[in-house]
Amino acid sequence: MNRRAQDPQRDRQAPVRRALGKRGSWLAGAVSVGAHAALLLALLSARVEPPMVPDVEPIVVALVAPPPPPPPPPPPPPKVQAPKAKAPAAAPPSPAKSPPRSRLKPTRRPPPPDVEPLPASEIPTPAPVFGLGEAELAGARTAGSGAGGGGAGGEGGGCNMVRLIQDGLRKNPRIQSAIARAHPDAVAAGKAIMVWDGDWMRNSGEEGKGLAGIRQAIAMEVAFAPEPCRADPVHGLVLISLNDGPRSVRLALGTGRWRWSDLALAQSTRRG
């Protein structure tokens, strides 16, 4: 059986329900519009108060132009040099007084005719001291090749007069400077200076024979040596070195056959 036929009353109330639904929707819309209008009116009618500004007294400001800068300091006055005092004029030199003339007149006498003039004595030209090279010094006796162990005494040790004289000359620094000053060329060439060959060699510019300082030093060493050492015979040359360096100043003395006492004898003969 159809449902509409079973409920005829419900079909009759449908138009009424539709009319009531349309009226309710219009009423809801009017209420919504009124609410919005009231809200807008309330917003427009609200009083907005401006922010409160504190009451501050005004400050009076006056614009004043800055003062002008101070003028620059005046330039210092130029220094005036005081005039230099003139040196006093030198007094003119007094004229030199001439010595008083003697009233006595010198008498000039001619030499007597019987006086014969004496000729000046002829001084032999001194032989120059020469240097010896290695070829001439071959086989020369040295301090290391002498007899004994280097002492000057006897008693089985022998005499080493070369070392005795060499040690004595090395203690005197003036000996080396005198030789270097008197014979610089020979010393620079490494040659040995010949000082005695049976007689003391002459040195130009010095009074007497030989180098005085060297001659006296050698003679003193020989004079204080023991008697057996002074009588020791020597053959040929003797070489004395004044230091141990490679460029040592060296002295040479000696002849064919001689004794050490001959050096002191030559010195004493010269003094006599």
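None of the values given here were measured: they were computed from a predicted structure. (Residues numbered from 1 in each chain as written. Predicted model: local features only at pLDDT ≥ 70, side-chain atom pairs only at ≥ 80, totals over all residues. Heavy atoms only, no water.)

With respect to a nonpolar patch on the surface
Piece 1. Residues I59, V61 and L63 make up a contiguous nonpolar surface patch of roughly 430 Å² in combined accessible area.
Piece 2. With respect to the helices, strands and loops of the structure, V61 is situated in the loop between helix 2 (8–45) and strand 1 (131–132).
Piece 3. Given the relative accessible area of 65%, V61 is considered exposed. (Patch = residues over 30% accessible without salt bridge, like charges linked within 9 Å, V, L, I, M, F, W, Y side chains within 5 Å. Areas by Shrake-Rupley, 256 points an atom, 1.4 Å probe, with all protein chains shown as cover. Salt bridge = Lys/Arg side-chain N within 4 Å of Asp/Glu carboxyl O. Helix = DSSP H or I, 4+ residues; strand = E, 2+ residues; numbered from the N terminus. Buried < 20%, exposed > 50% of the residue type's maximum accessible area, 1.4 Å probe, protein only.)

Quick word on the packing of aromatic side chains
Aromatic ring pairs: the centre-centre distance and the angle between the two ring planes describe each pair.
Piece 1. The full count for this structure, using the stated rule, is two aromatic pairs.
Piece 2. With centroids separated by 4.9 Å and ring planes inclined at 75 degrees, the aromatic side chains of W258 and W260 adopt a geometry described as edge-to-face. Each member of the pair, W258 as well as W260, is classed as buried.
Piece 3. One aromatic cluster is present, built from ring pairs that chain together W196, W258 and W260. (Phe/Tyr/Trp six-rings, centres within 6.5 Å; stacked < 30°, edge-to-face > 60°.)

What to know about the packing of helix 3 (residues 161–170) against helix 6 (residues 212–223)
Piece 1. Interaxial distance between helix 3 and helix 6 falls to 10 Å at its minimum, and their mutual angle equals 130 degrees. Comparing their axes, helix 6 and helix 3 come out oblique. Remark: the crossing between helix 3 and helix 6 carries right-handed chirality. Here M161, L164, I165, G168 and L169 of helix 3 lie close against helix 6, whose contacting residues are A217, I218, E221 and V222. (Axes fitted to C-alpha atoms, helices over the stretch in contact; angles between N-to-C directions. Parallel < 35°, antiparallel > 145°, perpendicular 65-115°, else oblique. Left-handed = near helix turned anticlockwise from the far one by under 90°. Contact = heavy atoms within 4.5 Å.)

Considerations on the layout of surface pockets
Piece 1. Of the volumes computed, that of the largest pocket is approximately 220 Å³.
Piece 2. Taken together, N172, R174, I175, A178, R181, A182, L211, A212, G213, I214 and Q216 make up the lining of the largest pocket.
Piece 3. Among the secondary structure elements, those contributing two or more residues to the lining of the largest pocket are helix 4 (173–182) and helix 6.
Piece 4. Here the residues of the lining of the largest pocket are counted per class, giving six nonpolar, three polar and two charged. (1 Å grid on protein atoms, 1.4 Å probe; cavity = no way out; pocket = protein on both sides within 12 Å on 5 of 7 lines; lining within 4 Å. Points joined across faces, edges and corners; volume = space filled by probe spheres on them. Nonpolar A, V, L, I, M, F, W, Y, C, P; charged D, E, K, R; others polar.)

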